[in-house]
Amino acid sequence: MRKIFFALMLMVAGLAKAQLPNKLTTADKIYGLSKFWQEVNYNFVYLDKVNRKQWDSAYKAMITQVAATTNDYTYFRLMQRFCALLNDGHTNVYMPDYIGALQFTRMFGDYWLNLENINGKAIVTRTLKANLKELPIGTEVIEVNGIPVDSYLKDSVMPYIASSTEYVKYDFAVNDLLKGLIGDSYRVKFKRPDGTIFPVTLTHARTKDTAFYPAMPQHDLLELKWYANDIAYVALNGFGNRKIDTMFVQKLPELYKAKAVIIDLRNNGGGSTSVGTDILQYFTNDTVLQHSRYSTREHLASFKAWGLAVEPKDTLKSDWNRKAWKYYHDKGVYYFEYEPRPINITAQRIVVPTVLLFGHNTASAAEDFLISADNQKHMVKMGTRSFGSTGQPFEFGLPGGASARVCTKKDTYPDGREFVGYGVAPDIEVIPDVADFIANRDKVLETAISYLQKKLTK
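A. Just the pairing of strand β22 (residues 402-407), in detail. In terms of residue burial, β22 counts as a mostly covered element, since five of its six residues are buried. Pairing of strand β1 (residues 92-94) with β22, which is carried by three bridges, proceeds in the antiparallel orientation. Its bridge partner being in β22, V93 is matched across the sheet by A404. Counting the residues between successive antiparallel strands, the hairpin from strand β21 (residues 393-398) to β22 contains three residues, one of them, G400, with a positive phi of roughly 80 degrees.

What follows is the structure, encoded as structure tokens:
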């Protein structure tokens, strides 16, 4: 940890041209660190999975390190690294706007490129039309600043990313591979699809050109398209705006002619669980919808105090002692009463062969949608594993206008199976490869259409 801190300090030391602000006092920095540590200890629902000695030791080491930072950027980077130790996608530290405005991920003046993790490689999946000859789609990043990409990701990028699943952490790391401050330069070695290898030095600066290839997708909140054999395609691109429920109801008269349905959740990062289930209820004949089973941590201060004197042997025949021991060791859990959600709509339902499309970006409330749909026999799940993180985050402010959140609610399948940390698995896995991106084709959607057309033919 100490080596990493000084490496970060040396990197920022060469960025005087960026005029990094140092608004926070030493007291602010230590208070922000302590505030986050405190809220995790009191509220983090997965504290039982954390090595408390290592966590507390990291906190103690960070006190000295944050106090020694000479600018706010370095401070918040250390805070994000500290947060990432918890390995949770709903527990995060967010930099204030005045720091975020100094960071670029894809813009390098005359260059602009989007990187994605394609089968474990950092691949260019979108760039400027002006750069297509030099950086064609499918080009791979193989080296950064003289370091092989895999090593660079593991040492310099992944430690700062908070994620419940390793595959999402790797996705985010590839996307952020070249993220840095205005003026930062990277010596990047690329490999084109034809095998030619070439170097480019990329320096972060604002890009004015907006002629991208492929063109930037425009994802409406709800999209409805039709394919052969009356297959309806419905993209639900977010559950954070309740307007999507009204939009869906307006489409119902048209949707009733569907002989099969594709529900696309691949661009749905979540929102409110009830927004999604208000739509899902139209795709089942059931009278109730199942949903996740919930639990949260529980703290009873007096029992924690009594637990100081309780040994494990004292709990064998005493409920009181068991309770005291549990709260003293921060193992108190409150289980919410489980009741399936009643369906009260009188409208016609759409119960036809249905494919649910999802992937690594299907998160939170969109994963809750998948859990509620898990027992529907006419539905097939297709794509790649979901994000693997949901819950109820507690949000709070940090000094300097920064913010953080801590996950307070554990969700499982109704039968207790865990999906946080694992992701919801598809019934039919479809993994796009580099050739699909080069051809600008949607392999997952094409597979879903083919699957339903064959099913309707039978």
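B. The packing of aromatic side chains, seen in detail. Following the criterion strictly, the structure yields 20 aromatic pairs and no others. Relative to Y46, the ring of F44 lies with its centre 6.0 Å away and its plane at 70 degrees, an arrangement referred to as edge-to-face. The exposure class assigned to F44 is buried, which follows from its relative accessible area of 1%. In this structure Y46 comes out as buried when scored by relative accessible area, which is 5%.

C. Expanded view of empty space enclosed by the protein. Overall, the coordinates contain one cavity of 30 Å³ or more when judged by the stated rule. Of the voids in this model, the largest cavity is the one considered here, and its volume is about 30 Å³. If you trace the largest cavity, you find it lined by T105, F108, L113, N114, L115, N175 and L178. Per-element accounting of the lining of the largest cavity gives the leading share, three residues, to strand β4 (residues 111-118).

D. Quick peek at the confidence of the model for the chain. Model confidence for the chain is summarised by a mean pLDDT of 95, while 96% of its residues fall at 70 or above. Note that pLDDT drops below 50 for residues 1-7; the model gives that stretch ten contacts with residues more than four away or on any other chain. Across residues 9-18 the pLDDT falls below 50, and counting only partners more than four positions away or on other chains, this stretch makes 14 contacts in the model.

E. Representation of the sheet that holds β22. Judged by pairing direction, the sheet is antiparallel, and its three strands sit side by side in the order β1-β22-β21 without closing on themselves. Each edge of the open sheet carries a strand with a single partner, namely β1 and β21. With direction set aside, neighbouring strand axes in the sheet form an average angle of 20 degrees.

F. Seen up close, the packing of helix α9 (residues 273-280) against helix α12 (residues 365-372). In the contact formed by α9 and α12, the axes pass within 8 Å of each other and the chain directions differ by 40 degrees. Our classification of the angle between α9 and α12 gives oblique. Note on packing geometry: the crossing formed by α9 with α12 is right-handed. On α12, the residues that touch T273, G276, T277 and L280 of α9 are A365, D368, F369 and S372. Of the residues assigned to the contact of α9 with α12, the class counts are three nonpolar, four polar and one charged.

G. Broad picture of helix α2 (residues 26-43). Along its 18 residues, α2 runs 26 Å from first to last C-alpha, staying within 8% of the 26 Å computed at 1.5 Å per residue. Every buried residue of α2 is listed here: K29, G32, L33, S34, K35, F36, E39, V40, N41 and N43. Looking at the buried positions of α2, the neighbouring elements they touch are α3 (52-68), α4 (72-84), β1, β16 (293-297), β21 and β22.

H. Expanded view of the sheet that holds β16. The strand order across the open sheet formed by three strands is β17-β16-β23, and the pairing between neighbours is antiparallel. The strands lining the two open edges of the sheet, one partner per strand, are β17 (333-335) and β23 (409-412). Looking at each pair of strands side by side, their axes are set apart by 25 degrees on average, direction ignored.

I. Region of interest: the pattern of salt bridges. Tallied over the entire structure, the rule returns 25 salt bridges. Close ionic contact of R52 with D330 constitutes a salt bridge, the shortest N to O distance being 3.1 Å. In this pair, R52 is assigned in helix α3 and D330 in the loop between α11 (319-328) and β17, connecting sequence segments 278 residues apart. Salt bridges linked by common partners bring D374, K381, D415, R417 and D427 together as one network.

J. Region of interest: the environment of R192. Turning to its location among the elements, R192 is positioned in the loop between β9 (185-191) and β10 (197-203). Along the sequence, R192 and L135 sit 57 residues apart, while their C-alpha atoms lie 7.2 Å from each other. Every residue in contact with R192, bar those within four places of it in the chain, is listed here: K133, E134, P136, T139 and F198. In this structure the side chain of R192 is engaged in a polar contact, spanning 3.0 Å, whose partner is the backbone oxygen of E134.

K. Representation of the side chain of N43. Following the sequence through the fold, N43 ends up in helix α2. On the accessibility criterion, N43 (18% relative accessible area) is buried. Not counting chain neighbours up to four residues away, the residues in contact with N43 comprise R297, F394, V406, C407 and T408.

L. Spotlight on the packing of α3 against α4. Following both chains from N to C, one finds α3 and α4 inclined at 175 degrees, their axes separated by 11 Å at the closest point. In terms of orientation, α3 and α4 fall into the roughly antiparallel class. Seen from α3, the contacting residues are W55, A58, Y59, M62, Q65 and V66; seen from α4, they are Y75, L78, M79 and F82. A breakdown of the residues in the contact of α3 with α4 according to their chemical character gives nine nonpolar, one polar and no charged.

M. Quick peek at the nonpolar core. Counting 70 residues, the largest nonpolar core has F36, F44, L236, V261 and F283 as its most contacted members. In terms of residue count, the dominant contributor to this core is α4 (seven residues). Apart from the residues within four sequence positions on either side, F283 is in contact with F248, V261, I263, I350, V351, Q376, H378 and M379.

N. Layout of the environment of G400. As for its placement among the helices and strands, G400 is situated in the loop between β21 and β22. For G400 and D72, which are 328 residues apart along the polypeptide, the C-alpha to C-alpha distance reads 8.7 Å. Once you skip the residues sitting within four places of it in the chain, G400 turns out to touch L24, P96 and Y98.

Cut-offs and rules
Residues numbered from 1 in each chain as written. Predicted model: local features only at pLDDT ≥ 70, side-chain atom pairs only at ≥ 80, totals over all residues. Heavy atoms only, no water. Buried < 20%, exposed > 50% of the residue type's maximum accessible area, 1.4 Å probe, protein only. Helix = DSSP H or I, 4+ residues; strand = E, 2+ residues; numbered from the N terminus. Pairing = 2+ DSSP bridges. Phe/Tyr/Trp six-rings, centres within 6.5 Å; stacked < 30°, edge-to-face > 60°. 1 Å grid on protein atoms, 1.4 Å probe; cavity = no way out; pocket = protein on both sides within 12 Å on 5 of 7 lines; lining within 4 Å. Points joined across faces, edges and corners; volume = space filled by probe spheres on them. pLDDT = per-residue confidence, 0-100. Contact = heavy atoms within 4.5 Å. Axes fitted to C-alpha atoms, helices over the stretch in contact; angles between N-to-C directions. Parallel < 35°, antiparallel > 145°, perpendicular 65-115°, else oblique. Left-handed = near helix turned anticlockwise from the far one by under 90°. Nonpolar A, V, L, I, M, F, W, Y, C, P; charged D, E, K, R; others polar. Expected span 1.5 Å × (residues − 1). Salt bridge = Lys/Arg side-chain N within 4 Å of Asp/Glu carboxyl O. Polar contact = N/O pair within 3.5 Å; in protein donor to acceptor, adjacent residues only side chain to side chain. Core = buried A, V, L, I, M, F, W, Y, C linked by side-chain atoms within 4.5 Å.

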